[in-house]
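# Observations on the three-dimensional arrangement
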Amino acid sequence: MTSHPPRPHRDVVSFVRRSTRMNESQTKAWERHAADFVIDIPHGEMDTSVADGTEVDWAAEFGREAPLIVEIGSGAGDSLVPMAAGRPEANVLAFEVFEPAVASTLGRIGRAGLSNVRVALVDGAQALAKLIDDGAVTELWTFFADPWHKKRHHKRRLVGTDFASLVTAKLAPGGVWRLATDWEDYALWMREHLDHHPGLVNVHDGWAPRLAERPVTKYEAKGLAAGRTVHDLTYRRADAPQD
Ligand SMILES: C[S@@+](CC[C@H](N)C(=O)[O-])C[C@H]1O[C@@H](n2cnc3c(N)ncnc32)[C@H](O)[C@@H]1O
């Protein structure tokens, strides 16, 4: 009988490994813009994990001190780029694990002529935990996170109680977490896990109105075309003063 060496321990992650093959325009965008906008993070066991002990000087990476907005799972940058363009006063940092999507994002950043965006090709949950100071995030965006429908996969959902505790630690006083999903069961799951989290307050005491600055992305359009309802949610760090 063949014996296999023990497999390295892999944490449960909210994404699947996919081919990293880029098309021609993505390759060009990468070559042209990666040096300016991609932050290299030393990786650990997986190429999307963050090596222990890594520290990043964000002000140096952005070339300035500014309020920090973080997006996790930015995909091809469909929301990131127009929303960052509308927030020139903020440093906007995106974490995305899928390299071709990051390359598309770079093309968009270049075409929009933005200087306030940086992208890191890394697991955003780990990066938030390891690389971002407590209380440093003025806004966190998680739009159309992978729904992981099957019950046995629910543990892979990005949004849950543990992640909410992490977000609570990282949000600045008065900081907000904006979410959107086109999957009803995930939307309800979010309410179930976040509404009663001691570190968060549901700003609208229910569903949030659609965030005006959030463009309709391909994921949202697909959900709407399939007859699904899109839900937005906004939470604020619990110790922040109320409106
Ligand atoms: C369904 S797509 C939505 C993309 C984008 N937010 C949009 O609305 O167009 C979810 C994205 O999250 C990324 N993702 C999932 N888990 C992640 C994680 N832990 N860190 C970084 N990216 C992640 C996936 O690779 C994928 O690109």
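Please refer to the structure placed before this passage.
This text gives an overview of the structure that appears in the document. Quick caveat, the model's predicted, so the values are computed rather than measured.

## Here we look at the sheet that holds strand 4 (residues 137–143)
The mixed open sheet is built from seven strands, whose spatial order is 3-2-1-4-5-7-6. Of all strands in the sheet, those with a lone pairing partner are strand 3 (117–120) and strand 6 (200–202), marking the two edges. Strand-to-strand twist across the sheet, computed as the mean angle between neighbouring axes with direction ignored, equals 20°. Direction of pairing for strand 6 relative to strand 7 (residues 231–237): antiparallel, over a ladder of three bridges. Among the inter-strand pairings, L200 is bridged to a residue of strand 7, identified as R237. Relative to strand 5 (residues 171–181), helix 6 (residues 161–170) is tilted by about 140°, and along the sheet it contacts strand 1 (68–72), strand 4, strand 5, strand 6 and strand 7.

## Side note on the pairing of strand 1
By the criterion of burial, strand 1 is predominantly enclosed, with five of the five residues buried. A two-sided burial pattern is seen for strand 1, the buried positions comprising L68, V70 and I72 on one face and I69 and E71 on the other. When strand 1 meets strand 2 (residues 91–95), the two strands line up parallel, connected through five bridges. In the sheet register, L68 faces strand 2, and the bridge partner there is N91. Bridge analysis of strand 1 against strand 4 gives four bridges, and the strand direction is parallel. Looking across to strand 4, one finds that V70 is bridged to L140.

Rules of the game
- Residues numbered from 1 in each chain as written.
- Predicted model: local features only at pLDDT ≥ 70, side-chain atom pairs only at ≥ 80, totals over all residues.
- Heavy atoms only, no water.
- Pairing = 2+ DSSP bridges.
- Helix = DSSP H or I, 4+ residues; strand = E, 2+ residues; numbered from the N terminus.
- Axes fitted to C-alpha atoms, helices over the stretch in contact; angles between N-to-C directions.
- Contact = heavy atoms within 4.5 Å.
- Buried < 20%, exposed > 50% of the residue type's maximum accessible area, 1.4 Å probe, protein only.

Worth remembering: the numbers are spatial, not functional.
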